[in-house]
There are 2 protein chains.
Amino acid sequence: MPTSKDVARLAGVSQSTVSYVMSGKRPISEEVRQRVQAAIEELTYHPNAGARALAGRRTHVVGLVVPFGASADPGGLLPFIETIASGAREHDHDVLLVTADEGTSALTRLEGRRLCDAIVLMEVEARDERIAVASGLRVPVLLVGVPEEPDGLVCVDLDFAAAGRLAVEGLVERGHRRIAVLGYPPEAVERDIGYVRRFGDAALAAASAAGVECALLSPVAHTAAAVRAAVGRALETARDGDGADDDGLDDDAGLGLVVASGGAVPLALTALAERGVVPGRDVSVVAMLPDATAAATSPPVSNVSTESRDVSRRAVQELFRLLGDDPPTGGGVHLVPPRLTHRRTTVAGPAGA
Amino acid sequence: MPTSKDVARLAGVSQSTVSYVMSGKRPISEEVRQRVQAAIEELTYHPNAGARALAGRRTHVVGLVVPFGASADPGGLLPFIETIASGAREHDHDVLLVTADEGTSALTRLEGRRLCDAIVLMEVEARDERIAVASGLRVPVLLVGVPEEPDGLVCVDLDFAAAGRLAVEGLVERGHRRIAVLGYPPEAVERDIGYVRRFGDAALAAASAAGVECALLSPVAHTAAAVRAAVGRALETARDGDGADDDGLDDDAGLGLVVASGGAVPLALTALAERGVVPGRDVSVVAMLPDATAAATSPPVSNVSTESRDVSRRAVQELFRLLGDDPPTGGGVHLVPPRLTHRRTTVAGPAGA
DNA sequence: CTGAAAGCGCTAACAG
DNA sequence: CTGTTAGCGCTTTCAG
């Protein structure tokens, strides 16, 4: 197994020159560079990562703390990890995977053992005991999710407030005057994940700003029974309102249903079907889902995108800004905007328009 | 940031003693051990991973090559990664995640840079160009999946042949004389993943051994149309056979349908429902699915388990045998046995029994 | 533009 | 049972 010394000998240069050729940290004459490169190829030289880390005090590794087992949305995890991993590779870094069940000790271990140059902490909750530890570390930490107290850390997340707003406004535009939001499952609500509140609050605020009624049904477990019950309540609420319509106009496009938790979508569609209610005709349904998933439901459901790839790409970007030359002073919250796409489950437009 | 030298000074011992206390590689008097431990705690000392790797020629890291994007069964990936990660931690190892799209260069890089002590290669295909490279490495490689030429490498996989057999035998026991196997999607077939063939062959062999007819419908894309067509053909095949029943007895329990690819199960159940065919009464359905998933379909589908956790636990076990003291000589194929669980979708038993 | 040399922090002989 | 010492392979001053 060749070392940089072997490369140096073969190229007829010093070991430090080899190092500088690889790092580009000082000017090298074209001729020498070529000789060194040739020697590297010939020996298929790879720098020893341990030695590099020891001498250079950079591991070229990022630690990724993944919420295995406890994830509210396991579907989004894989694309996320994938994107981080390939993003890291583009910057000549590798990814060390750590499971969240190690708790805060994972963080101190990653830092203490100098296992990585930076840490990405996934699925951060509103009040997360790891934040305090994380903000005391010397290695930069990037949070995916926005806690109540970011504590000077950099956060990246989908803009759930914008998502809630977008969903409601999209329905209002299509003429809905009564909106119901099917909330998150009890697990998510109890764990107090930040976006649960942000989504709901923004949806209510948007409705109130538009002067329409909005019922937030939450929590709703991801079981057929719970979703069926919630859908039933939502439909009744909407019907109750009809008679009291004060302008007497028939401008009500029916219930506008927002499904906040992607996992509940198939159940919600089934529940509507059971009652003979047709999305896109009798009611509108807008769900939080990745575009690909939304396009694949039957019928394709209108969705506010939760592209975990968008978020993770942004995370990679911020991550390597943290590892770059100019140190971004304090923390910062970076929210990735969602998009609303109308598919088959929204009605065409205001009846009175 | 304290080093082992600091610990040594504080404990009033030599640096090597600190090292030996941590590794347990030589006897230490109880008194000294205590002093050292105390110093370690007090300083919250963590050994520098790079230095340790450099001096000790063990990184305490295992490389995991994950088939992101191309996985035939994304659902099984996460539990697998999770199990490997926590298994590794139990042995004081960490996991470095590498995406398969790096191809063989990932392997040479992991080895060349001395990034890990062993490599786990997931979702190995029947003829996989990485095998040749892997078997030439100095770091031990564990394959998940069984290639045609294991080339002296250790492999761990679900026993797909046993699974195929189990599914067919389970149906035969319940009285089915006509069996159809809904095969894998074209992607899986084309990529020539080993288990596709092993499952199908074993199913056919078991049927032939039991003297029952068996049609292998493959490939079947995971689209409503393709599955519907395949189900239709399966049902017709079964019906054709009825008239030719040579013993004249009405001992035919109807079609026994094996769904080889878990992803097709909902589509298959829907296709049956469309034709008014009731699983568990008119036909039996046995699918390859994790138990949890099978229990959650409606109705709960009888299944041959594909517990990726079982496989990955076995993988961890073999992995650390490779890293242990006694070097398991050559390669070896380790097959994890599946289990058959009858749920709602199999008929009660032979009509004639 | 290039070399020489001093460590980075740890492990593992070797010596008692 | 414990201490001394020589590297592991690289990066990075300091010289030229």
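How each quantity is defined
Residues numbered from 1 in each chain as written. Chains lettered and ligands numbered in written order. Predicted model: local features only at pLDDT ≥ 70, side-chain atom pairs only at ≥ 80, totals over all residues. Heavy atoms only, no water. Helix = DSSP H or I, 4+ residues; strand = E, 2+ residues; numbered from the N terminus. Contact = heavy atoms within 4.5 Å. Areas by Shrake-Rupley, 256 points an atom, 1.4 Å probe, with all protein chains shown as cover. Lys, Arg positive; Asp, Glu negative; His and termini not counted. Charge placed at Lys NZ, Arg CZ, Asp CG, Glu CD. Expected span 1.5 Å × (residues − 1). Buried < 20%, exposed > 50% of the residue type's maximum accessible area, 1.4 Å probe, protein only. Polar contact = N/O pair within 3.5 Å; in protein donor to acceptor, adjacent residues only side chain to side chain. pLDDT = per-residue confidence, 0-100. Near = heavy atom within 4 Å. Least-squares fit on C-alpha atoms with pLDDT ≥ 70 in both. Pairing = 2+ DSSP bridges. Axes fitted to C-alpha atoms, helices over the stretch in contact; angles between N-to-C directions. Buried area = accessible area lost by both parts, 1.4 Å probe. Salt bridge = Lys/Arg side-chain N within 4 Å of Asp/Glu carboxyl O.

### What to know about the overall build of chain A
Step number 1: A tally of regular secondary structure across chain A gives 14 helices and 12 strands.
Step number 2: Counting only C-alpha atoms, chain A reaches 90 × 40 × 35 Å along its principal axes.
Step number 3: Looking at chain A alone, contacts between residues at least 24 apart form 69% of all its contacts between residues at least 6 apart.
Step number 4: Of the roughly 15600 Å² that chain A leaves accessible, carbon and sulfur atoms contribute 50%.
Step number 5: Across chain A, the centroid of the 35 positively charged side chains sits 8 Å from that of the 47 negatively charged ones.

### Digging into helix H8 (residues 160-173) of chain A
Residue and element names in this part refer to chain A.
Step number 1: Over its 14 residues, H8 runs 20 Å from end to end, which matches the ideal 20 Å to within 8%, given 1.5 Å per residue.
Step number 2: For H8, every residue scored as buried is listed here: Phe160, Ala161, Ala162, Ala163, Gly164, Ala167, Val168, Gly170 and Leu171.
Step number 3: Of the residues that open H8, the one with a side-chain oxygen 3.3 Å from the backbone nitrogen of alanine 161 is aspartate 159.
Step number 4: Glycine 175 sits one or two residues past H8 and shows a positive phi near 100°.

### Structural notes on the confidence of the model for chain A
Step number 1: Per-residue confidence for chain A averages 90 on the pLDDT scale, and 92% of its residues sit at or above 70.
Step number 2: Below pLDDT 50 for its whole length, residues 242-250 of chain A participates in five contacts with residues either more than four positions away or in separate chains.

### Overview of the protein's contact with DNA strand C
Step number 1: Near DNA strand C, the surroundings consist of 27 residues, among which Thr17, Ser29 and Val32 of chain A together with Ser4 and Tyr45 of chain B are the closest.
Step number 2: Near the protein, meaning within 4 Å, the atoms of DNA strand C are sugar or phosphate in a fraction of 56%, with bases accounting for the rest.
Step number 3: For DNA strand C, a base nitrogen lies 3.1 Å from a polar atom in the side chain of tyrosine 20 of chain B.
Step number 4: Contact between DNA strand C and asparagine 48 of chain B: a phosphate oxygen at 3.2 Å from a main-chain N or O atom of the residue.

### Details of the protein's contact with DNA strand D
Step number 1: Around DNA strand D, the structure places 28 residues, and the nearest of them are Ser4, Tyr20 and Tyr45 of chain A together with Ser29 and Val32 of chain B.
Step number 2: Near the protein, meaning within 4 Å, the atoms of DNA strand D are sugar or phosphate in a fraction of 51%, with bases accounting for the rest.
Step number 3: One nitrogen or oxygen atom from the side chain of tyrosine 45 of chain A is found 2.5 Å from a phosphate oxygen belonging to DNA strand D.
Step number 4: Measuring from a phosphate oxygen of DNA strand D, one finds a side-chain N or O atom of serine 29 of chain B at 2.7 Å.

### Some thoughts on unusual backbone geometry
All names here are of chain A.
Step number 1: For the bond from serine 218 to proline 219, the omega torsion is -5°, close enough to zero to count as cis.
Step number 2: Along the chain, the position of proline 219 falls in the loop between strand E7 (213-217) and helix H11 (224-243).
Step number 3: Note the cis peptide between serine 298 and proline 299, where omega equals -5°.
Step number 4: With respect to the helices and strands, the residue proline 299 is situated in the loop between helix H13 (291-296) and strand E10 (302-305).
Step number 5: Notably, glutamate 123 is not glycine yet its phi reads approximately 50°, a positive angle.
Step number 6: Among the structural elements, glutamate 123 can be located in the loop between strand E3 (118-121) and helix H7 (129-135).

### Overview of the relation of the copies chain A and chain B
Step number 1: The operation relating chain A to chain B is a screw motion whose rotation component is 180°, with 0.0 Å of axial translation and a residual RMSD of 0.1 Å. The superposition of one copy onto the other is thereby described by a two-fold rotation axis.
Step number 2: Both copies present the same face, since 100% of the interface residues in chain A are matched by interface residues at the equivalent positions in chain B.

### A few points about the sheet that holds strand E11 (residues 332-336) of chain B
Step number 1: Taken together, 12 strands build an open sheet; the order of strands is E11(A)-E5(A)-E4(A)-E3(A)-E1(A)-E2(A)-E2(B)-E1(B)-E3(B)-E4(B)-E5(B)-E11(B) and the sheet is mixed. Of all strands in the sheet, those bounded by a partner on one side alone are strand E11 (332-336) of chain A together with E11 of chain B. Shown here is a sheet whose adjacent strand axes are inclined to one another by a mean of 25°, direction ignored.
Step number 2: Where strand E1 (residues 61-66) of chain B lies against strand E3 (residues 118-121) of chain B, four bridges are found, and the strand directions are parallel.

### Details of the interface of chain A and chain B
Step number 1: Listed per partner, the contact involves 35 residues of chain A and 35 residues of chain B.
Step number 2: Across the interface of chain A and chain B, roughly 3400 Å² is buried in total on both sides, 62% from carbon and sulfur atoms.
Step number 3: The largest contributions to the chain A side of the interface with chain B come from Met1, Leu78 and Arg113 of chain A, which together make up 20% of the buried area.
Step number 4: Where chain A meets chain B, there are six salt bridges.
Step number 5: Close ionic contact of arginine 89 of chain A with glutamate 102 of chain B constitutes a salt bridge, the shortest N to O distance being 3.3 Å.
Step number 6: Put simply, chain A and chain B have 10 residue pairs in polar contact (both at pLDDT 80 or more) between them.

### Considerations on the pattern of salt bridges
Step number 1: Applying the stated rule across the entire model yields 46 salt bridges over all chains.
Step number 2: With a closest N to O distance of 3.3 Å, arginine 343 of chain A and aspartate 291 of chain A form a salt bridge. Taken as a pair, arginine 343 of chain A in the segment after strand E12 (340-341) and aspartate 291 of chain A in helix H13 lie far apart in primary sequence, 52 residues in all.
Step number 3: A salt bridge links aspartate 310 of chain B to arginine 313 of chain B; its shortest N-O distance comes to 3.4 Å. Of this pair, aspartate 310 of chain B and arginine 313 of chain B both sit in helix H14 (residues 308-322), three residues apart, which is roughly one turn of that helix.
Step number 4: Classification of arginine 313 of chain B by relative accessible area gives partly exposed; the value is 48%.
Step number 5: Taken together, the shared-partner salt bridges connect Arg52, Arg89, Asp92 and Asp94 of chain A together with Glu102, Arg109 and Arg113 of chain B into one network.

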